[in-house]
Amino acid sequence: MPILYVASTGSNTSPYDTWATAATTLLTATAAAVAGDTIYMHGESFVISATTTYTLAGTSAAPVKLFCTNDKVNEPPTVLSTSGVVDASGTVGVTISVNGCGYIYGVEFISGGGTNAASINISTGDDREVEAEFCKFTIANSNNGSRIFFGADNAANKSLRTKNCTFTFGNSALQGFSCAADWFSDGDTFKKTTTSPNVLFKANYRANSTRVNAGDFTDMTGALFGAGLY
């Protein structure tokens, strides 16, 4: 299957199939990738300043795979990394969405900073299947309305699986998760910047399920579940 590369040092030349011709933004690579493709993103920080949706246009049988790596020697890369960042923290109001059918390893997504609402949305559409491993999802602002959204209330057949990921909330007791997708969390860590959400799991919609196995809630001082959830 085709391989695409993302690195700030690339020439941004389609089909982005070497480090030399790599796409210089992750959005360029995800827009070009089709079912079964693999994207290697170099382990560096990519700054964004506008609300962005990354669509992994795979299928259940042929997901788009996104790996973070620092290996520019081997072809394809054989060493993975957890140092890649999509960073919107320098701009207020920037929401990041990840959609489609795909697998992500080692990437951190940081929403917009400041006091404006800026969330992270994952698997928000019909027939979405996203799996993330050793990733980080960080709310960088203090707005009460910012959330990490899984799924959308008006969409169907959404699932999310996270393993050894870290979810960090900003300086607001009213932030947390809003889940409208079937989510299985395995070995994830839940953190605060300075203030723990007063309720971590705000709500589940459309009778979807949230299952957490071996989660680390050490940093959470509020309630885990909202009224009616268990």
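As a convention, each chain's residues are numbered from 1 in the sequence order in which they are written. Given that the model is predicted, a residue must reach a pLDDT of at least 70 before its local features are reported, and side-chain atom pairs must reach 80 or more before they are shown or counted; all residues, however, enter totals for whole chains, interfaces and linings. The basis for every side-chain value is the complete set of heavy atoms in the structure, and neither hydrogens nor water enter the calculation.

Chemist: Can you explain the overall build of the chain? Please cite residues and give values.
Modeler: Along the backbone of the chain there are one helix and 20 strands. C-alpha extents for the chain along the principal axes are approximately 50 × 35 × 30 Å. When each of the 230 residues of the chain is scored for burial, the buried share is 50%. In what follows, residue pairs with any heavy atoms lying within 4.5 Å of each other are defined as contacts. If you take every contact in the chain between residues at least 6 apart in sequence, the share linking residues at least 24 apart comes to 69%. Shrake-Rupley sampling with a 1.4 Å probe provides the accessible areas, and residues are treated as covered by the protein chains on show and by no other component. Summed over all atoms, the accessible surface of the chain reaches about 9,500 Å², with 51% contributed by carbon and sulfur. The distance from the centre of the 13 positive side-chain charges to the centre of the 18 negative ones in the chain is 7 Å. Strands are runs of DSSP state E lasting at least two residues, helices are runs of H or I lasting at least four, and both sets are numbered from the N terminus onward. Only protein chains enter the accessibility calculation, which uses a 1.4 Å probe; a residue is then buried when its area is under 20% of its type maximum, exposed when over 50%, and partly exposed in between. Under the convention used here, Asp and Glu are negative, Lys and Arg are positive, and both His and the chain ends fall outside the count. Note that the charge is assigned to NZ on lysines, CZ on arginines, CG on aspartates and CD on glutamates.

Chemist: Can you break down the pairing of strand β6 (residues 84-87) residue by residue, with the values?
Modeler: Burial of the side chains of β6 extends over both faces: Gly84 and Val86 are buried on one face and Val85 and Asp87 on the other. By definition, two strands form a pair when at least two bridges between them are found by DSSP. Here β6 runs beside strand β8 (residues 107-110); their pairing, made up of four bridges, is parallel. Across the sheet, Val86 pairs through a bridge with Phe109, a residue of β8.

Chemist: Lay out the nonpolar core in plain terms, naming residues and giving numbers.
Modeler: Counting 45 residues, the largest nonpolar core has Phe109, Phe137, Phe150 and Phe177 as its most contacted members. We define the nonpolar core as a collection of buried residues of types Ala, Val, Leu, Ile, Met, Phe, Trp, Tyr and Cys that are connected through side-chain atoms lying within 4.5 Å of one another. Counting residues in each nonpolar core, the second largest holds eight residues, with Tyr5, Ala7, Trp19 and Phe67 among its members.

Chemist: How would you explain unusual backbone geometry if you had to name every residue and give the values?
Modeler: Across the junction of Ser14 and Pro15, the peptide omega takes the value 10 degrees, indicating a cis bond. Within the element layout of this structure, Pro15 appears in the loop between β1 (3-6) and α1 (26-32). Although it is not a glycine, Phe134 sits at a positive phi angle of roughly 55 degrees. Within the element layout of this structure, Phe134 appears in the loop between β10 (128-133) and β11 (136-138). The class of Phe134 is partly exposed, set by a relative accessible area of 35%. One non-glycine residue, Ala214, lies in the positive phi region at around 55 degrees. Tracing the sequence through the fold places Ala214 in the loop between β19 (210-213) and β20 (223-225).

Chemist: Pulling in residues and values, what's your account of the sheet that holds β8?
Modeler: Spatial ordering of the open sheet is given by β3-β6-β8-β11-β14-β17, a layout of six strands whose pairing is parallel. Each edge of the sheet is formed by a strand with only one pairing partner; in this case those strands are β3 (45-47) and β17 (189-192). Across the sheet, the mean angle from the axis of one strand to that of its neighbour is 15 degrees, orientation sign disregarded. Summarising the sheet, strand β14 (residues 166-169) and β17 pair through four bridges and their orientation is parallel. Directly across from Phe169, in β17, lies its bridge partner Lys192. Structural elements are reduced to axes, namely lines fitted to C-alpha atoms, with helices fitted over the stretch in contact, and the angle between N-to-C directions of any two is expressed from 0 to 180 degrees.

Chemist: Describe the packing of aromatic side chains, with residues and values.
Modeler: When two rings of Phe, Tyr or Trp (its six-membered ring) have centres within 6.5 Å they constitute a pair, described as stacked for plane angles under 30 degrees, edge-to-face for angles over 60, and tilted for the intermediate range. On inspection of all chains with the given rule, the structure shows 23 aromatic pairs. Taking 5.3 Å as the distance between ring centres and 20 degrees as the angle between the ring planes, the aromatic pair formed by Phe201 and Phe225 counts as stacked. A residue pair is termed long-range when its members are at least 10 positions apart, and Phe201 in strand β18 (residues 199-204) and Phe225 in strand β20 qualify at 24 residues. Through a chain of ring-to-ring contacts, the aromatic side chains of Tyr54, Phe109, Phe137, Phe150, Phe167, Phe169, Phe177, Trp183, Phe190, Phe201, Phe217 and Phe225 assemble into a single cluster. When the ring centre of Trp19 is taken as origin, the NZ or CZ atom of Lys72, which lies over that ring, is 5.4 Å away. Sitting over a ring, as applied to charges here, requires NZ of Lys or CZ of Arg to be within 6 Å of the ring centre and within 35 degrees of the ring normal.

Chemist: Would you mind going over the layout of surface pockets in detail, with residue names and values included?
Modeler: Two kinds of site are reported from a 1 Å grid over the protein atoms alone, namely cavities, where a 1.4 Å probe fits but cannot get out, and pockets, open sets with protein on both sides within 12 Å along at least five of seven lines, and residues are called lining when an atom falls within 4 Å of a point. Grid points are joined across faces, edges and corners, and a volume is the space filled by probe spheres set on the points. Space inside the largest pocket adds up to approximately 210 Å³. Residue lining of the largest pocket: 15 residues in total, with Glu129, Val130, Glu131, Ser159 and Arg161 positioned closest to the centre. Put simply, the parts of the chain that give the lining of the largest pocket at least two residues each are β7 (96-105), β10, β13 (158-163) and β16 (182-186). Under the scheme applied, nonpolar residues are Ala, Val, Leu, Ile, Met, Phe, Trp, Tyr, Cys and Pro; charged residues are Asp, Glu, Lys and Arg; polar residues are all the others, including Gly. Here the residues of the lining of the largest pocket sort into six nonpolar, four polar and five charged.

Chemist: Go over the pattern of salt bridges with me, naming the residues and quoting the values.
Modeler: By convention in these notes, a salt bridge is any Lys or Arg side-chain nitrogen within 4 Å of a carboxyl oxygen on Asp or Glu. All told, the structure shown has two salt bridges when counted by the stated rule. The salt bridge partner of Lys191 is Asp219, with a shortest N-O separation of 4.0 Å. With Lys191 in strand β17 and Asp219 in the loop between β19 and β20, this residue pair connects regions lying 28 residues apart in the sequence. Judged by its relative accessible area of 34%, Lys191 is partly exposed. Across the salt bridge formed by Lys192 and Asp219, the nearest N and O atoms sit 3.0 Å from each other. Taken as a pair, Lys192 in strand β17 and Asp219 in the loop between β19 and β20 lie far apart in primary sequence, 27 residues in all. Residue classification places Lys192 among the partly exposed residues on the basis of a relative accessible area of 23%. The structure contains a network of salt bridges with shared partners spanning Lys191, Lys192 and Asp219.

Without other data, these values stay purely geometric and don't point to any function.
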